[in-house]
Amino acid sequence: MATIEECRTALEKLSDNMANAEGDVREAAALDRSVSCHITDLDVTFVGRLTGGRIDVRDTLPGPPPEKAQIRLAMAGDDLISLVGGELNFATAWGSGRVRLEAGLLDLFRLRKLL
């Protein structure tokens, strides 16, 4: 089972990947939205902001997200690490329910380029 530190590192790597992306992926990451990522097996939530093509994790809170972020992810820690490491396909994980993504319809259309 992944640790909180490993999950934070995975989110930082995802942020770096987005910041270094080009073309459609870079454009999709150029949103300015509140973000939460609930790690279900650890029952912690990383909250922050997607801005300037990066994810700025501002806090780690116990339990599910206290407020509804504009972009919300939920998954097990090992799945987060596998997604960022390229070992788990997002569409497959999302389709099987291993990963939950909630956002407004327009944001979902833009985010699909990232995923």
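Residues numbered from 1 in each chain as written. Predicted model: local features only at pLDDT ≥ 70, side-chain atom pairs only at ≥ 80, totals over all residues. Heavy atoms only, no water.

Counting residues in hydrophobic clusters, the biggest one holds 27 residues, and the most contacted among them are Ile-39, Phe-46, Leu-50, Ile-71, Met-75, Leu-80 and Val-99. If you list the elements that add at least two residues to this core, you get helix H1 (4-19), strand E1 (33-39), strand E2 (44-51), strand E3 (54-62), strand E4 (71-75), helix H3 (77-84), helix H4 (90-95) and strand E5 (99-103). (Core = buried A, V, L, I, M, F, W, Y, C linked by side-chain atoms within 4.5 Å. Buried < 20%, exposed > 50% of the residue type's maximum accessible area, 1.4 Å probe, protein only. Helix = DSSP H or I, 4+ residues; strand = E, 2+ residues; numbered from the N terminus.)

Moving on to H3. The buried count for H3 comes to 6 of 8 residues, which makes it a mostly enclosed element. Along H3, the residues classified as buried are Gly-77, Asp-79, Leu-80, Ser-82, Leu-83 and Val-84. As for H3, its buried residues are in contact with H1, E1, E4, H4 and E5. Directly after H3, the chain includes Gly-86, whose backbone phi takes a positive value near 85 degrees. (Contact = heavy atoms within 4.5 Å.)

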